[in-house]
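Inside the fold
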Amino acid sequence: MSNDWPLFEVFIRSRAGLEHKHVGSLHAADARMAIEHARDVYTRRQEGVSIWVMRSADIIASDPQEAEALFEPARDKVYRHPTFYAIPEEVKNL
Amino acid sequence: MYTQALDNPGSEAQPADSGESGGRAARFQARIDVDEKIEPKDWMPEAYRQTLIRQISQHAHSEVVGMLPEGNWITRAPSLKRKAVLIAKVQDEGGHGMYLYSAAETLGISRAEMFEQLLSGAAKYSSIFNYPTLSWADIGAIGWLVDGAAIMNQIPICRCSYGPYARAMVRICKEESFHQRQGFEIMLTLAHGTPAQRAMAQDALNRWWWPSLMMFGPSDAESKHTAQSMRWKIKRFTNDELRQKFIDITVPQAQFLGLTLPDEALRWDEATQHFQIGPIDWSEFQAVLKGNGPCNRERLEARRAAHDAGRWVREAAAAHAHKERMRASAAVPPGSAPEPRVAP
């Protein structure tokens, strides 16, 4: 058993109505300690009303190498944006 | 708080890695040139990675060691208000160290390795923290001058090309401003106090002025890492540029306090529109960097003692977490589906 505490990623909701946002990471022995450390490290000035923590090792991330394959196909689909469509000036509320 | 130039001679990785294809390196530099940010899993030249690991970890060590000189006055702060403020400031410094260690870890070095480098003396930290805090006025001088110099260094790093470092720095800079202002306020109070308090403020300024100017690192002519770091947009201004900016804003503040800067050569230069200072004693800087400052040994001993004294806590917490995990896995029958759960 390793005595090195695992790494956790920390997500903070800055106020009700907003989503949790990644703010950084920290080491803790377990999830409860990760919440307590996150309180001390990331919310000393009322930056949050809610904290999520998760083991960094549990995150599954996309590979920068496959960024092109993943995101390139969206590039030529400009028709997904409202500005693609030419509407005469005199037509209102569209 | 931090200094940008802790360059230890001889430890620099060579910028042109022979084994890496020129194409990738060129694409990497092209991304930097158009101000794209580099993120942890992106390809990067090994020398870029090593330079950042060195700089960010030294920065983190500086924050953590920086708690020691100020911690010295927590129990002797002159009022409850000053004590609460100082505790908050020292806690911030610890927090800054934590943000930075996390940022460095994204580059592939472990927290344990970084601690080991600090405690063994292999890693450097800002030389300013090897000076003693002899009077309460030193707490004012540190906030005003040392944190002031640190802010000057750190604000450009908010635009550093490496994403995690830049983000940590944005957070740090937001908090740092309070540190500088509380320090100036301590100096202001002392400067307007009794003759003894005034003398105390002057004495602190006399001792902290030159070391604060040295925080910007060797002069540009002597600084060997500047050019490459600027190409990589890790660094945006040279040591001398930042030092001059700091001098130009700080001299009028000292004048406002009615205190004298310990430099007989100091004068306003009409031609350049800058304050001109006398020569900096770089032999002192080199001596402190080499480990021969007034408090180098004391600081490292304090860190080592804290690390050793905390060992049983780290081990006990790890053992407790392990036991809880075992208990939880024993309670769940094998093969049972986990409950569906919506994030709160």
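The structure reproduced in this document is the subject of the present report. All values reported here derive from a predicted model rather than from experimental measurement.

Below, the discussion takes up the nonpolar core. Residue and element names in this part refer to chain B. Ranked by size, the top nonpolar core spans 96 residues in total, and within it Y48, L52, I56, Y162, Y165, W208 and W209 carry the most contacts. Element by element, the count of residues in this core is highest for helix α6 (residues 136-157), at twelve residues. Apart from residues lying up to four places away in sequence, Y48 is in contact with F28, I32, I38, S161, Y162, W232 and I234.

All right, on to the interface of chain B and chain A then. Contact with chain B, which involves 27 residues of that partner, is made by 26 residues of chain A. Taking both sides of the interface into account, the surface hidden between chain B and chain A amounts to around 1,900 Å²; carbon and sulfur atoms contribute 53%. For chain B, the biggest contributors to the area lost against chain A are K41, Y99 and R171 of chain B; these three give 22% of the whole. For R45 of chain A, the salt bridge goes to D92 of chain B, with nearest N and O atoms at 2.4 Å. Linking chain B with chain A are nine residue pairs in polar contact (both at pLDDT 80 or more). Contributing elements (two or more residues each) for the side of chain B that touches chain A: α4 (80-105), α5 (111-120), α7 (163-191) and α13 (311-331) of chain B. Looking at the side of chain B that touches chain A element by element, the count peaks at ten residues for α13 of chain B. Here the side of chain B that touches chain A is built from residues that sort into eleven nonpolar, six polar and ten charged.

Below, the discussion takes up the sheet that holds strand β3 (residues 50-55) of chain A. Residue and element names in this part refer to chain A. Pairing within the open sheet is antiparallel, and its three strands lie in the order β2-β1-β3. Edge positions in the sheet fall to β2 (20-27) and β3, since each has one partner strand and no second. When strand polarity is set aside, the average angle formed by the axes of neighbouring strands in this sheet is 25°. For strand β1 (residues 7-13) and β2, the ladder comprises seven bridges, and the chain directions are antiparallel. Paired with R13 across the bridge in β2 is H20.

Thresholds applied
- Residues numbered from 1 in each chain as written.
- Chains lettered and ligands numbered in written order.
- Predicted model: local features only at pLDDT ≥ 70, side-chain atom pairs only at ≥ 80, totals over all residues.
- Heavy atoms only, no water.
- Core = buried A, V, L, I, M, F, W, Y, C linked by side-chain atoms within 4.5 Å.
- Buried < 20%, exposed > 50% of the residue type's maximum accessible area, 1.4 Å probe, protein only.
- Helix = DSSP H or I, 4+ residues; strand = E, 2+ residues; numbered from the N terminus.
- Contact = heavy atoms within 4.5 Å.
- Buried area = accessible area lost by both parts, 1.4 Å probe.
- Salt bridge = Lys/Arg side-chain N within 4 Å of Asp/Glu carboxyl O.
- Polar contact = N/O pair within 3.5 Å; in protein donor to acceptor, adjacent residues only side chain to side chain.
- Nonpolar A, V, L, I, M, F, W, Y, C, P; charged D, E, K, R; others polar.
- Pairing = 2+ DSSP bridges.
- Axes fitted to C-alpha atoms, helices over the stretch in contact; angles between N-to-C directions.

Bear in mind that shape data such as this cannot, by itself, settle questions of function.
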